[in-house]
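Each chain is listed here by its residues.
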Amino acid sequence: MMKYNQLIAVTLLVSAIGLSACKEQPKENKEETQKTATEGRKEYYEVAPNVKLHVTDLGNGPAVVLIHGYPLSDASWEYQYHALVKAGYRAIGITLRGFGQSDKPFGKYDYDQFADDIKSVLDQMDIKDAVIGGHSMGGAIVLHYAAKYNGAHIKKLGLFSAAAPRHTKTADYPYPLFTKEDISSWVALNDSDRPALLAAVGGKFALNATSLSPGIGQWLYSIELQSSAYAMEQALISLRDEDLRADLAKIKIPTLIMHAKNDHIVAYALAQQMNKGIEGSKLVTFDKSGHASFLEEKDKFNEELIKFIKE
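## Examining the environment of Phe160
Relative to the assigned elements, Phe160 resides in strand E6 (residues 154–160). The spacing of Phe160 and Gly133 is 27 residues in sequence and 7.1 Å in space, taken between C-alpha atoms. Excluding residues within four positions of it along the chain, Phe160 makes contact with Leu66, Trp77, Gly133, Gly134, His135, Ser136, Met258, Phe301 and Leu305.

Right, here's the structure in full:
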């Protein structure tokens, strides 16, 4: 009987040791998993009730914030993200409300609203001393953001083929390529045949028919089709009517202006006017591209952008 009891005790002891070992093993595995797992980053930020914006957030280092043109999204900066991340920067692309994968609510789509949305995202991300840049309509929006919020969150400004300070001609401002009536006809086309509008804008987007590959052209078209028809209409009206001339003198941070001489959508003369109106700004001219220098001459574009960031 004594031997039997001793055998039971030994068996229980071995079992307890085995159970203890089993309990410890998952802890070690869990710790190892935590070490190797990649931390995810938020893709959506709520800027108003029921309005979330899609954000691309890649890399580590000083922040570079990019705002897309009309009617694209943060996806259009694909070939800038690669260069910025490899150069040691955190590349952040914000998609404006109404476009891409952002929410598409009814309401305002003017430069004030877009600037407020950008401010909300940068507040939530706790971004400090960033370089912010925008293409086309996005350029006008970041110009207004910098003026309205006195450079909050940012230390440098980039204006890339920017549709600023005004996109349509007036009696006292002859520099833009289009009249108010021209843009109004685009609004009407948006409301009757949106693919025809995209074709009309797309026909002027690049320097010529071969400066962008068919694949890149199709990729851009697929991004454009994600946009809300309502947002496209309202943003066109803002492009037609907004006037940011008073904002130029408010810009007190280093500013890079990049623009092609043969831009068929935003006149090079506008870049010259911004260069005159923004104290200390630098103008870099592109000779082998149209409105899409960031794609048509992406190597030069990326080099000039990174050089500006480092200065």
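More follows now that the structure is in view.
## Here we look at the side chain of Ser289
As for its position among the elements, Ser289 is in the loop between strand E8 (282–286) and helix H10 (293–296). There is a polar contact of 2.7 Å between the side chain of Ser289 and the side chain of Ser293. A polar side-chain atom of Ser289 sits 2.8 Å from a polar atom in the side chain of Glu297.

## Section: the packing of helix H6 (residues 194–205) against helix H8 (residues 229–241)
Axis separation between H6 and H8 bottoms out at 12 Å; the angle between their running directions is 50°. What the angle tells us is that H6 and H8 run oblique. Seen from above, H6 lies across H8 with left-handed handedness. The segment H6 lies against H8, with Arg194, Leu197 and Leu198 engaging Ala229, Met232 and Leu236. Class assignment of the residues belonging to the contact of H6 with H8 gives a composition of five nonpolar, no polar and one charged.

## Things to note about H6
In this model, H6 (12 residues) spans 16 Å end to end at C-alpha, consistent with the 16 Å of a helix rising 1.5 Å per residue. Among all positions in H6, only Arg194, Leu197, Leu198, Val201 and Phe205 are buried. Each buried residue of H6 sits inside an arc of 95° when the element is viewed along its axis, so together they form one side. Exposed residues pointing more than 90 degrees away from the buried face of H6 are listed as Ala199 and Gly203. Its buried side turned inward, H6 meets strand E5 (130–135), helix H5 (180–192), helix H7 (214–224), H8 and H10.

## Overview of the side chain of His54
With respect to the helices, strands and loops of the structure, His54 is situated in strand E2 (residues 51–58). Under the relative-accessibility criterion, His54 is labelled buried at 5%. A distance of 2.8 Å separates polar atoms of two side chains, one belonging to His54 and the other to Glu43. At 2.9 Å, the side chain of His54 forms a polar contact with the side chain of Asp74.

## Digging into the packing of aromatic side chains
Following the criterion strictly, the structure yields 13 aromatic pairs and no others. When the ring of Trp77 is compared with that of Phe294, the centres are 5.2 Å apart and the planes differ by 50°; the resulting orientation is tilted. Highlighted residues: Trp77 in the loop between strand E3 (63–67) and helix H2 (78–86) and Phe294 in helix H10, separated in sequence by 217 residues. Overall, the relative accessible area of 1% leaves Trp77 in the buried class. Given a relative accessible area of 2%, Phe294 falls into the buried group. On the basis of an interplanar angle of 75° and a centroid distance of 5.0 Å, the ring pair of Phe160 and Phe301 is categorised as edge-to-face. With Phe160 in strand E6 and Phe301 in helix H11 (residues 298–310), this residue pair connects regions lying 141 residues apart in the sequence.

Cut-off values and rules
- Residues numbered from 1 in each chain as written.
- Predicted model: local features only at pLDDT ≥ 70, side-chain atom pairs only at ≥ 80, totals over all residues.
- Heavy atoms only, no water.
- Helix = DSSP H or I, 4+ residues; strand = E, 2+ residues; numbered from the N terminus.
- Contact = heavy atoms within 4.5 Å.
- Polar contact = N/O pair within 3.5 Å; in protein donor to acceptor, adjacent residues only side chain to side chain.
- Axes fitted to C-alpha atoms, helices over the stretch in contact; angles between N-to-C directions.
- Parallel < 35°, antiparallel > 145°, perpendicular 65-115°, else oblique.
- Left-handed = near helix turned anticlockwise from the far one by under 90°.
- Nonpolar A, V, L, I, M, F, W, Y, C, P; charged D, E, K, R; others polar.
- Expected span 1.5 Å × (residues − 1).
- Buried < 20%, exposed > 50% of the residue type's maximum accessible area, 1.4 Å probe, protein only.
- Arc of directions from axis to C-beta.
- Phe/Tyr/Trp six-rings, centres within 6.5 Å; stacked < 30°, edge-to-face > 60°.

Such coordinate-based values are descriptive only and should not be taken to indicate function.
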